[in-house]
Amino acid sequence: MKKSFRCVFSGVLLLVMIIFPGCAGKPAPLETQKFLADNYDNYLSLEAEELVRTGIHYHDQRDYQNALNYYNQALELAPNHPVILYEMGYSYISMGNNDAALEMADKGIEEAENRGYTEVIPSLLDLKGSALDNMGRSEEAINVYLKALNDYGVSNTFLYYNLAVSYYRIEKREDALEALAKGLAFNPNHASSNYLMGKICMEDGKSTQAFYALCYFLLLEPNTERALQSYNTILYMLKPEDTIEIGIGVRDNGAFTASDIVISTAFALDEENFRLSDAEKTKAKLYYIMTSLEDLKNSGRIQRSGGDELWWDFYSPFFNRIALSDYFDIYCKYIAISVDPDVDSWIENERNKIEAFFGWLNEYLE
């Protein structure tokens, strides 16, 4: 059975990220998923739970040493408890102490196995893999991630993303792309997965896949250093290259070769739009590309192949729908805010339209 792609946006959260860009931050290369226990009382006494929650509060403030102080106090009440060991390891890895994080992960896994807390083990394995990869032991990290995925039947975007990072670091690029695609099937709104997907595809000359992944990434994270790099990459793709003529200079990209040609020749629209501003020219090219892949699919001129589900079933119809909507202007402006010096005034003037855009997206994607 094919996995369906479903995602829900929050216009409010995205607006907060624009207005206060520091909230988005620049994620670490690896993103270890926190073990979220809504009912800590299933694991800890009320006093120990309170200490752990206080530690998490300080961790979230990036005051890792204070967080560790509270976790150590909790350990006095619940010695070697795997949940506490996980939280300690998460703080250690966040402060760059990978050796200590690995020690906490190994001890936590052993304790979780002894106590039968199997639901905690995948998060501890994720932590262990992240520490190993940060230490340059990517092959070992891959085996740890695969153990979490295969032995414990856990499938989530964080694990697949971390697995992809490790594959990428040892030049197993196709394995990295496969892992990212599997992770995005669970949660297409994971910004780092879209970003890494776009980065690898761009490096490998897969223009269509890179274009759509980066366009989606910019919808999730429009105002960071990574966003600036991604938007400039898209602009680069829309410019002419000396070596490219119709069908020449485009690599074989399987089912997407025809759409790669569309991207590589989109610059030709500038000639007929020469009176327009640069922003309007870019908008015209984005519209042309975002509607062309669906046209190619519907006309039968390209045929799907295995592994293309993310683009065929999600990205392509998603962006085609945006391009044909009344919100295409908002989308084009929104993904370009990293290069817009007047972004603050635009947000203030268009706030209602921006919120309406994300409300429309929610209705479309539900």
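It should be emphasised that the depicted structure is a prediction, and the values quoted were computed from it without experimental measurement.

Q: For this particular structure, what's the right way to read the overall build of the protein chain?
A: Each helix and strand in the protein chain was counted, giving 18 helices and zero strands. The proportion of buried residues among the 366 residues of the protein chain is 54%. Contacts spanning at least 24 positions in sequence make up 66% of the contacts within the protein chain whose residues lie at least 6 apart. Summed over its atoms, the accessible surface of the protein chain is roughly 17200 Å², and 47% of this surface lies on carbon and sulfur atoms.

Q: When you look at the packing of helix H10 (residues 191-203) against helix H11 (residues 207-220) in this model, what are you seeing that I'm missing?
A: If you want to describe how two helices pack, look at the angle between their axes and the distance between the axes. Packing of H10 against H11 brings their axes to within 8 Å, and their N-to-C directions diverge by 150°. Relative to H11, H10 is oriented roughly antiparallel. The chirality of how H10 crosses H11 is left-handed. For the pair H10 and H11, contact is made by Ala191, Asn194, Tyr195, Met197, Gly198, Lys199, Cys201 and Met202 and by Gln209, Ala210, Ala213, Leu214, Tyr216, Phe217 and Leu220, respectively. Across the contact of H10 with H11, the residue classes break down as 11 nonpolar, three polar and one charged.

Q: What should I look at first to understand the packing of aromatic side chains in this one?
A: Two aromatic rings, taken as a pair, are described by how far apart their centres are and by the angle between their planes. If you walk through the whole model with that rule in mind, you get 23 aromatic pairs. Note on tyrosine 58 and tyrosine 70: the rings are 5.5 Å apart at their centroids and 15° apart in plane angle, and the pair reads as stacked. Of the two residues, tyrosine 58 sits in helix H2 (residues 46-60) while tyrosine 70 sits in helix H3 (residues 64-77), which places them 12 residues apart along the sequence. Joined through ring pairs, the aromatic side chains of Phe211, Tyr212, Tyr216, Phe256, Tyr287, Trp311, Phe314, Tyr315, Phe318, Phe319, Phe328 and Tyr331 make up one cluster. The lysine or arginine in question, arginine 226, covers the ring of tyrosine 195, its NZ or CZ lying 4.9 Å from the ring centre.

Q: Help me understand empty space enclosed by the protein in this model?
A: A probe matching the size of a water molecule, rolled over the atoms, marks out where space remains unfilled. Going through the model one piece at a time under the given rule, you end up with one cavity of 30 Å³ or more. Roughly 30 Å³ of volume is contained in the largest cavity. Residue lining of the largest cavity: Thr208, Tyr212, Ser259, Val262, Ile263, Ile289, Ser292 and Leu293, and that is the complete set. Mapped onto the lining of the largest cavity, the elements with two or more residues apiece are H11, helix H13 (257-264) and helix H15 (278-299). Residue composition of the lining of the largest cavity, by class: five nonpolar, three polar and no charged.

Q: Please explain the pattern of salt bridges as it appears in this structure.
A: If the charged atoms of two oppositely charged side chains come close together, the side chains can form a pair. Inspection of the entire model under this criterion finds 20 salt bridges. Between aspartate 133 and arginine 169 there is a salt bridge whose closest N-O contact spans 2.0 Å. Of the two residues, aspartate 133 is situated in helix H6 (residues 121-134) and arginine 169 in helix H8 (residues 157-169); the sequence distance between them amounts to 36 residues. Linking aspartate 204 and arginine 173 is a salt bridge whose minimum nitrogen-to-oxygen distance equals 2.8 Å. Note that aspartate 204 is positioned in the loop between H10 and H11 and arginine 173 in helix H9 (residues 173-186), a separation of 31 residues in sequence. Of the two residues examined, aspartate 204 and arginine 173, each falls in the buried class. Overlapping salt bridges bring together Glu171, Arg173, Lys199, Glu203 and Asp204 as one network.

Q: Help me understand the environment of leucine 68, please; the structure alone is not making it clear to me.
A: Position of leucine 68 relative to the elements: it lies in helix H3. Exposure remark for leucine 68: the relative accessible area of 2% places this residue in the buried category. Residues leucine 68 and tyrosine 90, spaced 22 residues apart in sequence, show a C-alpha to C-alpha distance of 9.9 Å. Leave out the neighbours within four places in its chain, and leucine 68 touches Met88, Ser91, Tyr92 and Met95.

Q: Can you help me understand the packing of helix H4 (residues 82-94) against H6 in this one?
A: Interhelical geometry of H4 versus H6 gives an angle of 25° and a closest axis separation of 10 Å. In terms of their interaxial angle, H4 and H6 are classed as roughly parallel. As H4 runs across H6, the sense of the crossing is left-handed. Seen from H4, the contacting residues are Pro82, Tyr86, Gly89, Tyr90 and Ile93; seen from H6, they are Ser123, Leu124, Leu127, Ser130, Ala131 and Asn134. Looking at side-chain class alone, the contact of H4 with H6 contains seven nonpolar, four polar and no charged residues.

Q: Would you explain the nonpolar core in this entry?
A: What tends to happen in soluble globular proteins is that the nonpolar side chains get buried as a cluster. Counting 111 residues, the largest nonpolar core has Met197, Phe211, Tyr315, Phe319 and Tyr331 as the members making the most contacts within it. The biggest single contributor to this core is H11, with 11 residues. Ignoring sequence-local partners within four residues, the contact set of methionine 197 consists of Leu177, Leu180, Ala181, Leu184, Ala213, Leu310 and Trp311.

Q: How do you make sense of unusual backbone geometry when you look at a structure like this?
A: Positive phi values are uncommon outside glycine, yet arginine 62 reaches one of about 65°. For arginine 62, the position within the fold is in the loop between H2 and H3. Arginine 62 sits in the exposed class, given a relative accessible area of 63%. Of note in the backbone geometry, asparagine 80 takes a positive phi value of approximately 55° without being a glycine. Of note, asparagine 80 is situated in the loop between H3 and H4.

Criteria and thresholds
Residues numbered from 1 in each chain as written. Predicted model: local features only at pLDDT ≥ 70, side-chain atom pairs only at ≥ 80, totals over all residues. Heavy atoms only, no water. Helix = DSSP H or I, 4+ residues; strand = E, 2+ residues; numbered from the N terminus. Buried < 20%, exposed > 50% of the residue type's maximum accessible area, 1.4 Å probe, protein only. Contact = heavy atoms within 4.5 Å. Areas by Shrake-Rupley, 256 points an atom, 1.4 Å probe, with all protein chains shown as cover. Axes fitted to C-alpha atoms, helices over the stretch in contact; angles between N-to-C directions. Parallel < 35°, antiparallel > 145°, perpendicular 65-115°, else oblique. Left-handed = near helix turned anticlockwise from the far one by under 90°. Nonpolar A, V, L, I, M, F, W, Y, C, P; charged D, E, K, R; others polar. Phe/Tyr/Trp six-rings, centres within 6.5 Å; stacked < 30°, edge-to-face > 60°. Lys NZ or Arg CZ within 6 Å of the ring centre and 35° of its normal. 1 Å grid on protein atoms, 1.4 Å probe; cavity = no way out; pocket = protein on both sides within 12 Å on 5 of 7 lines; lining within 4 Å. Points joined across faces, edges and corners; volume = space filled by probe spheres on them. Salt bridge = Lys/Arg side-chain N within 4 Å of Asp/Glu carboxyl O. Core = buried A, V, L, I, M, F, W, Y, C linked by side-chain atoms within 4.5 Å.

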